[in-house]
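An overview of the molecular structure
Here is how the chains run, residue by residue.
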Amino acid sequence: MKTALFVTCLVDQLFPQVGEATVRLLERCGRQVEFPEAQTCCGQPASNMGYGDEARRLGRRMIEIFEPFDEVVTPSGSCASMVRVQLPELFEHDAEWRPRAQRLASKTLELTELLGQEGFEPGAVRFEARVTYHPSCHLLRELGGGGSPEALLAQVPGIELVELPDAEVCCGFGGAFSAKMPELSGAMLDAKLKAVEATGASVLTATDCGCLMHLGGAINRRQGVAINRRQSPLKVLHIAEILAHDGNLNEA
Amino acid sequence: MDVTSHRFAEKVRKAIADPQIQRALETAGPRFDLARRAAFSSFPEGEALRDLGRDIKARTLAELDQQLARLANSVERVGGEVHWASDAAEARRIVVDLAEGYGAKRVVKSKSMTTEEIGLNQALEGAGIETIETDLGEYIIQLAGEAPFHIIAPALHKSREEVTELFIEKLGSRRLESREELTQEARKILRDAFRGADLGITGVNFAVADTGTIAVVENEGNARLSTSLPKVHIAVMGMEKVIPDMSSLSVFLKILARSATGQKMSSYVSCITGPRRQDEEDGPEAFHLVILDNGRSRLLADPELREALRCIRCGACLNICPVYRHAGGHSYGWVYSGPIGAVITPSFVGREQASALPFASSLCGACRDVCPVRIDLPRMLLAQRRKIIADSDPACKEESSRMSSAQAAPAPSSRRAERLAMKLFTATMASPRRYRWAGAMLQLASRFFRRRGGWWRPPLITGWTQLRDVPEPARQSFRQRWASRAR
């Protein structure tokens, strides 16, 4: 079994610790992880903004790069849904690329899907925090919810998992939507952060760095704390960081 | 009806700054949605009926010409008259001509989005015919001179206090403080209106091809009165409202009310088959059915957008939509709002006019989950986005030559800048070397901006930075860490 990590451009450039946590989790599931270095972006920004040709150009690269592998795993429900749902649609009328896109779609998994499938159990290191989980829309609705991320979190020793009110309402990220329509995105963001505050959690987690960058960026703006420094009372962590937690989170 | 969809951004800002509108949206959306959930959770066959509803609509749309011909035959067989309108102007002319032909002085109307779409009230008033909306919400917005705020709850945005003031100003009524008093006042006025009306106009929820029956779904009884008291009944329907037979009707009635208000069945379902027969005591002497295209055949001809015509106008996608829950109905600038409005409005009024609407979505997909006929709204929002981008592409002549001149307007400079940025982004992402180089540039830029104090707020993405900090790029990217780990 050849397993490739599709790390996503966001994680690669901005949140590499999430990529490392993902590798640790995959290794604990018995995978020998390979990282094809030609990978960049899956093309979702282009596709969502209506640039079909550009999205197909990046899509063809994705297909070629990951073709030699049996399994592709990514720490993002959104990028996974781009590969699984949008790519085959973008090549719907292309006899050569459609089957190749479908093959890639059929072997691509979001991280918690793989963990759920493998019956993953978190390690013994305690994670003492009150945590709330925001289900990202694309994992929730495009991919059918993933491998019970909340159940995975609940198994982490020391964790106090609190339910987020109106959890299934979008946080307002939506890729380019967040910058193109800041008033709407901001109104959705306010509602989400109000719900997060109501839980009294000290950690907000999700399966997608896009949503977390949007929520974390706003928390930092309000609290005047840098996103990567983790000094704010409310930390924003990718679910992989919590599940792979080995006691060194603050030095990430 | 006037189209103001091009002012979407400005109207959204106003709606978000209006505490009354936000309060109304904050309660109404979740309330409707909870009711919908409760209705379906105690209705185990609901999911299968949604599949069935989707399939019936899909089959009917695939042979829409034949179904419409059958409907027209059936309506004529039972003594009704059928009129075909290719656009709003023709529909208005048909109805006004009919009204004038009957010598109508006063028209009562029951709530109908299709007649809002064609701006019928203004046309009738323009011809000197008094026109009165008889659905309470629709009556309120008629008094206020506004468009519907929601597909099924047109005055959702109005507070009780606003209605009190409106009744004082427009009706000269005394200060009525409670909902009951206001409703009683409207009821009194509307009962008189019904008595003196020469003509009743309704929309159509479903038109049964087999029997020529039209079904009108409502909760106040005003559609029942509009179709039984006046001497003449005119029903106006979008051509996608046809369904094959009565057994199909029973499927849609079960999912429509549940999806709209969470009711098992709405209080009134009027099934009207032609005018009054010889042995009948009630009903109008004449029945006219106006079948409207007005852009629907454009949707029908487009394989990417056709399924939007399955819509049964329940409003469930509005109620769940986090964008609608803040933007409200008027921001969309035409008749239909929410996700379905964002999908169909560009095809009806022209893509250039409504080019902001399909982008007003985070593509969260909540609308698709609640749609009773399973319209894949996010997928169609994407399709509209691609069409709008192709319209402004100078290299994409083939697409733009198929459009009307209004739609082929030159791209605004912001769209040109966006296109350039997208080309640059794609070129960068298409080459690992350029991608690595861009990553290094990002590092340098972040250090530069950091030294200038404050958190990193680079220019060019002000839409992002007005609300949120930008994370600093990691000192070492994942791929750099991976490479050093491998060594």
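Residues numbered from 1 in each chain as written. Chains lettered and ligands numbered in written order. Predicted model: local features only at pLDDT ≥ 70, side-chain atom pairs only at ≥ 80, totals over all residues.

1. Concerning the overall build of chain B
Tallying secondary structure elements over chain B gives 23 helices and 10 strands in all. In summary, chain B has a C-alpha radius of gyration of 26 Å against a globular reference of 23 Å for 487 residues, a match within 12%. Overall size of chain B, expressed as C-alpha extent along the three principal axes, is 95 × 55 × 50 Å. Per-residue burial for chain B yields a buried fraction of 48% across its 487 residues. The contacts of chain B with a sequence gap of at least 6 include a subset with a gap of at least 24, amounting to 74%. (Helix = DSSP H or I, 4+ residues; strand = E, 2+ residues; numbered from the N terminus. Rg over C-alpha atoms; globule rule 2.2 N^0.38 Å. Buried ≥ 20, exposed ≤ 12 C-beta atoms within 10 Å, placed from the backbone. Contact = placed C-beta atoms within 7 Å.)

2. What to know about the environment of B:Pro432
Here B:Pro432 shows up in helix α21 (residues 432–451). In this view, B:Pro432 contacts A:Glu37, A:Ala38 and A:Thr40; residues no more than four positions away in its chain are not counted.

3. Some thoughts on the sheet that holds strand β8 (residues 235–238) of chain A
In sheet architecture, strand pairing relies on hydrogen bonds along the backbone and comes in two forms, parallel and antiparallel. Residue and element names in this part refer to chain A. Strands sit in the order β6-β5-β7-β8 across an open sheet of four strands; the sheet is parallel. Sheet topology places β6 (159–162) and β8 at the edges, where each strand pairs with a single neighbour. Adjacent strand axes in the sheet meet at a mean angle of 35°, parallel and antiparallel pairs treated alike. By the bridge criterion, four bridges tie strand β7 (residues 203–206) to β8 in an arrangement that is parallel. Residue pairing across strands places Ala206 opposite His238, the latter belonging to β8. (Pairing = 2+ DSSP bridges. Axes fitted to C-alpha atoms, helices over the stretch in contact; angles between N-to-C directions.)

4. Description of the pairing of β7(A)
Residues and elements named next belong to chain A. Burial along β7 is two-sided: Val203 and Thr205 facing one way and Leu204 and Ala206 facing the other are all buried. Bridge count between strand β5 (residues 129–133) and β7: three bridges; the pairing is parallel. Counted as the bridge partner of Tyr133 is Thr205 from β7.

5. Let's talk about the packing of helix α11 (residues 182–199) of chain A against helix α1 (residues 8–16) of chain B
Helix-helix packing: each pair is described by the crossing angle between the helix axes and the interaxial distance. Packing of α11(A) against α1(B) brings their axes to within 9 Å, and their N-to-C directions diverge by 30°. When the interaxial angle is binned, α11(A) and α1(B) end up roughly parallel. On α1(B), the residues that touch A:Glu183, A:Leu184 and A:Ala187 of α11(A) are B:Val12, B:Arg13 and B:Ile16. Here the contact of α11(A) with α1(B) is built from residues that sort into four nonpolar, no polar and two charged. (Parallel < 35°, antiparallel > 145°, perpendicular 65-115°, else oblique. Nonpolar A, V, L, I, M, F, W, Y, C, P; charged D, E, K, R; others polar.)

6. Quick word on the pairing of strand β7 (residues 232–238) of chain B
All names here are of chain B. Counting buried positions along β7 gives seven out of seven residues, so the element sits mostly inside the fold. The alternating pattern of β7 places Val232, Ile234, Val236 and Gly238 and His233, Ala235 and Met237 on opposite faces, both of which are buried. With four bridges connecting them, strand β4 (residues 199–202) and β7 associate as parallel partners. Paired with Thr202 across the two strands is Ala235, which belongs to β7.

7. Some words on the sheet that holds strand β1 (residues 3–5) of chain A
Residues and elements named next belong to chain A. Taken in spatial order, the four strands line up as β2-β1-β3-β4 in an open sheet, and their pairing is parallel. With one partner strand each, in any of the chains shown, β2 (33–34) and β4 (108–110) form the two edges of the open sheet. One ladder, built from three bridges, connects β1 with strand β3 (residues 71–74); its direction is parallel. From the neighbouring strand, Leu5 faces β3, where its bridge partner is Val73.

8. Examining the interface of chain B and chain A
Facing the 48 residues of chain B at the interface are 53 residues of chain A. Looking at the side of chain B that touches chain A, the elements that each hand over two or more residues are α1, α15 (324–327), α17 (366–370), α18 (377–391), α20 (413–429), α21, α22 (462–465) and α23 (478–486) of chain B. Here the side of chain B that touches chain A is built from residues that sort into 29 nonpolar, 10 polar and nine charged.

9. Thoughts on the domain arrangement of chain A
Residues and elements named next belong to chain A. On domain assignment, one finds that chain A holds domain 1 (3–116) and domain 2 (122–251). Contributions of two or more residues to the side of domain 1 that touches domain 2 are made by α1 (9–13), α2 (16–28), α3 (44–48), α5 (77–90) and α7 (111–117). Considered class by class, the residues forming the side of domain 1 that touches domain 2 number 14 nonpolar, 10 polar and four charged. (Domains from an automatic or database assignment.)

10. Some points on the domain arrangement of chain B
You can read the domains of chain B as domain 1 (1–42 + 315–430), domain 2 (44–296) and domain 3 (432–486). Once you take the C-alpha centre of each, domain 2 of chain B and domain 3 of chain B turn out to be 57 Å apart.

11. Some remarks on the packing of helix α4 (residues 52–66) of chain A against α5(A)
All names here are of chain A. Interhelical geometry of α4 versus α5 gives an angle of 115° and a closest axis separation of 10 Å. When you trace α4 past α5, the crossing you get is left-handed. Taking contact as the criterion, the partners of Gly52, Ala55, Arg56, Gly59 and Met62 in α4 are, on α5, Val83, Leu87 and Leu90. A breakdown of the residues in the contact of α4 with α5 according to their chemical character gives five nonpolar, two polar and one charged. (Left-handed = near helix turned anticlockwise from the far one by under 90°.)

12. Re the confidence of the model for chain A
The pLDDT averaged across chain A works out to 93; a share of 94% of its residues lies at or above 70. Every residue in residues 226–230 of chain A scores below 50 in pLDDT, and together they form 12 contacts with partners more than four places removed in sequence or on other chains. (pLDDT = per-residue confidence, 0-100.)

13. A word on unusual backbone geometry
Residue and element names in this part refer to chain B. For Arg313, which is not a glycine, the phi torsion comes out positive at approximately 55°. Following the sequence through the fold, Arg313 ends up in the loop between α13 (296–301) and α14 (316–320). Looking at Arg313, the number of C-beta atoms within 10 Å reads 19, which means it is partly exposed. Residue Arg374 is not a glycine yet carries a positive backbone phi of 55°. Mapped onto the secondary structure, Arg374 falls in the loop between α17 and α18. By C-beta crowding, Arg374 is classed as partly exposed, having 19 other C-beta atoms within 10 Å.

14. A short note on the nonpolar core
B:Ala308, B:Cys317 and B:Ala360 are the most contacted members of the largest nonpolar core, which has 210 residues in total. It is helix α12 (residues 246–260) of chain B that provides the largest number of residues to this core, a total of eight residues. Ignoring any residue separated from it by four or fewer positions in sequence, one finds B:Ala360 in contact with A:Met181, A:Leu184, B:Phe8, B:Val323, B:Ala327 and B:Ala342. (Core = buried A, V, L, I, M, F, W, Y, C linked by C-beta atoms within 7 Å.)

15. Here's the deal with the confidence of the model for chain B
All names here are of chain B. Looking at chain B, pLDDT values average 93 and 95% of them are 70 or higher. Confidence drops under pLDDT 50 across residues 398–408; counting only partners more than four residues distant or on other chains, this segment forms 14 contacts. Both scores are available for the predicted complex, with the pTM at 0.94 and the ipTM at 0.94.

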